[in-house]
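A closer look at the structure
Listed below are the residues making up each chain.
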Amino acid sequence: MAKDKAPALDAPLDDAPLSGKGHATPTRKEREAANKRPLVAGDNKEARKASRAKLQESRDRARIGMANGEEKFLPLRDKGPQRRYVRDYVDARFSLGEVMIPVMFAVILATLVPNPTVQTALMLALYAFVILVIVDSLLLGWLVTRKLKAKFGDGKVEKGVRWYAAMRALQLRPLRLPKPQVKRGKYPV
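Residues numbered from 1 in each chain as written. Predicted model: local features only at pLDDT ≥ 70, side-chain atom pairs only at ≥ 80, totals over all residues. Heavy atoms only, no water.

Looking at an unreviewed UniProt entry, the protein carries the name Membrane protein, with the source organism given as Agreia bicolorata.

Encoded structure:
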């Protein structure tokens, strides 16, 4: 019976302390070799070329999407149904601000005339034109606000739509982003 109580040779001893960690301590050379790895993994040249091509493709898609007025590609200032309505309203209308840059350029060229009377008259005409553009922008802001109140409700008009309309009206039509989606005279409903 005493033989049955004795522990088997194959069974681990619970009370016996384990010694060692099971492997030899690595040398310094082995440690340094294990820590060495390339700064950039993989085939650098082809990976960079593929990454650039993918990035260029996504940028082109975003640029085309923004130009076409796709909502997910628009910057925050252009998003929303009210901003789309303002863009369509401004693009359907002729504004004096559209011709402001060409008029200013023509006045600058015309001031090269050495006659001071002509230069003074041109500058006064330019000031009068700027005042007309400001009045046109104020009128546009009032019209846009009135139309938005009628369409979206009296208290639902976003802040900044007047400024947004005026800034869009001051840009040359071909240079506007997003590009005009309506023809002249086709006002939004």
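Text resumes after the structure shown.
1. Some words on the packing of helix 4 (residues 81-92) against helix 7 (residues 161-169)
Relative orientation of the contacting elements helix 4 and helix 7 amounts to 35°, with a least axis distance of 10 Å. The element helix 4 and its partner helix 7 pack so that their crossing is right-handed. Across the interface between the two elements, Gln82, Arg83, Val86, Arg87, Val90 and Asp91 of helix 4 pack against Val161, Tyr164, Ala165, Arg168 and Ala169 of helix 7. Split into classes, the residues belonging to the contact of helix 4 with helix 7 amount to six nonpolar, one polar and four charged. (Axes fitted to C-alpha atoms, helices over the stretch in contact; angles between N-to-C directions. Helix = DSSP H or I, 4+ residues; strand = E, 2+ residues; numbered from the N terminus. Left-handed = near helix turned anticlockwise from the far one by under 90°. Contact = heavy atoms within 4.5 Å. Nonpolar A, V, L, I, M, F, W, Y, C, P; charged D, E, K, R; others polar.)

2. Describing helix 3 (residues 44-67)
Between the first and last C-alpha of helix 3 there are 34 Å, a value that for 24 residues agrees with the 34 Å anticipated at 1.5 Å per step. Along helix 3, the residues classified as buried are Gly65, Met66 and Ala67. (Expected span 1.5 Å × (residues − 1). Buried < 20%, exposed > 50% of the residue type's maximum accessible area, 1.4 Å probe, protein only.)

3. Some words on a positive patch on the surface
Residues Lys45, Arg48, Lys49 and Arg52 make up a contiguous surface patch of positive charge. Locating Lys49 in the fold gives a position in helix 3. (Patch = residues over 30% accessible without salt bridge, like charges linked within 9 Å, V, L, I, M, F, W, Y side chains within 5 Å. Areas by Shrake-Rupley, 256 points an atom, 1.4 Å probe, with all protein chains shown as cover. Salt bridge = Lys/Arg side-chain N within 4 Å of Asp/Glu carboxyl O. Lys, Arg positive; Asp, Glu negative; His and termini not counted. Charge placed at Lys NZ, Arg CZ, Asp CG, Glu CD.)

4. Quick word on the UniProt feature "transmembrane region" (unreviewed entry) in the protein
Summarizing the sequence annotation, UniProt attributes the feature "transmembrane region" (unreviewed entry) to residues 92-112 and 124-144 in the numbering used throughout. Annotated as 57% helix and 0% strand, the span residues 92-112 places its first and last C-alpha atoms 36 Å apart. Secondary structure across residues 124-144 divides into 100% helix and 0% strand, with the first and last C-alpha atoms of the span separated by 30 Å. (UniProt positions renumbered as here; feature names shortened; annotations may be inferred.)

5. So, helix 4
Because the α-helix completes a turn every 3.6 residues, residues three or four places apart line up on one side. Between its first and last C-alpha atoms helix 4 spans 16 Å; for 12 residues at 1.5 Å apiece the expected length is 16 Å, and the two agree. Burial analysis of helix 4 places 10 of its 12 residues in the buried class, the great majority of the element. Within the sequence span of helix 4, burial applies to Gln82, Arg83, Tyr85, Val86, Arg87, Asp88, Tyr89, Val90, Asp91 and Ala92. For helix 4, the elements touching its buried residues are helix 6 (116-152) and helix 7.

6. Looking at the environment of Leu177
Summarising the element assignment, Leu177 is placed in the segment after helix 7. As for Leu177 and Met66, which are separated by 111 residues in sequence, their C-alpha atoms are 7.3 Å apart. If near-sequence neighbours (up to four positions away) are discounted, Leu177 is found in contact with Met66, Ala67, Arg77, Asp78, Arg168 and Gln171.

7. Details of the packing of aromatic side chains
Evaluated as defined, the whole model comprises two aromatic pairs. Relative to Phe152, the ring of Tyr85 lies with its centre 6.4 Å away and its plane at 90°, an arrangement referred to as edge-to-face. With Tyr85 in helix 4 and Phe152 in helix 6, the pair connects residues that are 67 residues apart, well separated along the chain. Taking the relative accessible area as the measure of exposure, Tyr85 reaches 8% and is therefore buried. Geometrically, the ring pair formed by Tyr89 and Tyr187 is tilted, given 5.2 Å between the ring centres and 50° between the ring planes. With a gap of 98 residues between them, Tyr89 in helix 4 and Tyr187 in the segment after helix 7 connect regions that are remote in the sequence. (Phe/Tyr/Trp six-rings, centres within 6.5 Å; stacked < 30°, edge-to-face > 60°.)

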